[in-house]
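Coordinate inspection notes
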Amino acid sequence: LLMAALRLWLLHLSQPVTFVVAFYAFQETLGWFHWLFAVGVMVRELIFIALILGMALFKPEFLFFDVAANWADGQKGVACTFILSPDLMLSGHEITTFVPEQFMRLLLITLNISGVLALTAGWQSATLSAVLAALYIITFISAAWAFI
């Protein structure tokens, strides 16, 4: 149980929760466009948190997903998706029964793209903190992986 709780926090919840905290800490300093795109990232992170908690409740075995074993079994795409785009992996039909899976994936990809838009807007308006920049890049990687 302790291992599951550690994996839940360290591997899944820490990044979206860090973004939520960073957004609230820096939102007063953001330019208008930067703030607008950051809200898109915030919505994505809140959906991601809901997906993580839903999976932990209904499919807790996801906490023990073995990236190395999947890689060794030749399922490199699944292993990479778990690392680079976990929101899309968790948005499958197992948990999103009340929302069509394709809609959820399209919504998440669109919101992930807001990460690069927030990064660009923050950079141009000189209101970009290093913490938000790193978190936007993580979000954008998730979107980029969806197209590979």
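The coordinates are above.
In short, a report on the structure. (Residues numbered from 1 in each chain as written. Predicted model: local features only at pLDDT ≥ 70, side-chain atom pairs only at ≥ 80, totals over all residues. Heavy atoms only, no water.)

**As for the pattern of salt bridges**
- One pass over the structure, following the stated rule, counts two salt bridges.
- We note a salt bridge from E45 to R44, for which the minimum N-O separation is 2.8 Å.
- For E45, a relative accessible area of 0% puts it in the buried group.
- We classify R44 as buried; its relative accessible area is 2%.
- Taking the shortest distance from any N to any O, the salt bridge between R44 and D87 comes out at 3.4 Å. With R44 in helix 2 (residues 32-58) and D87 in helix 5 (residues 86-90), the pair connects residues that are 43 residues apart, well separated along the chain.
- Here the salt bridges share partners, and the residues they tie into one network are R44, E45 and D87. (Salt bridge = Lys/Arg side-chain N within 4 Å of Asp/Glu carboxyl O. Buried < 20%, exposed > 50% of the residue type's maximum accessible area, 1.4 Å probe, protein only. Helix = DSSP H or I, 4+ residues; strand = E, 2+ residues; numbered from the N terminus.)

**As for the nonpolar core**
- Membership of the largest hydrophobic core comes to 30 residues, with the highest contact counts inside it found for F19, I52, L90 and Y136.
- The element that contributes the greatest number of residues to this core is helix 2, accounting for nine residues.
- Not counting chain neighbours up to four residues away, the residues in contact with I52 comprise L8, H12, L13, P16, F62 and L90. (Core = buried A, V, L, I, M, F, W, Y, C linked by side-chain atoms within 4.5 Å. Contact = heavy atoms within 4.5 Å.)

**Focus on the packing of helix 6 (residues 101-125) against helix 7 (residues 130-146)**
- Running from N to C, helix 6 and helix 7 cross one another at 140 degrees; their axes reach a closest spacing of 7 Å. In terms of axis orientation, helix 6 runs oblique to helix 7. Helix 6 and helix 7 meet at a crossing whose hand is left-handed. The segment helix 6 lies against helix 7, with I109, L111, N112, I113, G115, V116, A118 and L119 engaging A133, Y136, I137, T139, F140, S142, A143 and A146. (Axes fitted to C-alpha atoms, helices over the stretch in contact; angles between N-to-C directions. Parallel < 35°, antiparallel > 145°, perpendicular 65-115°, else oblique. Left-handed = near helix turned anticlockwise from the far one by under 90°.)

**Overview of unusual backbone geometry**
- Not every positive phi belongs to a glycine, and A126 is a case in point at roughly 60 degrees.
- Mapped onto the secondary structure, A126 falls in the loop between helix 6 and helix 7.

**As for the packing of aromatic side chains**
- Per the counting criterion, the structure on display carries five aromatic pairs.
- Relative to F33, the ring of W32 lies with its centre 5.1 Å away and its plane at 80 degrees, an arrangement referred to as edge-to-face.
- Taking the relative accessible area as the measure of exposure, F33 reaches 54% and is therefore exposed.
- Joined through ring pairs, the aromatic side chains of F19, F23, Y24 and Y136 make up one cluster. (Phe/Tyr/Trp six-rings, centres within 6.5 Å; stacked < 30°, edge-to-face > 60°.)

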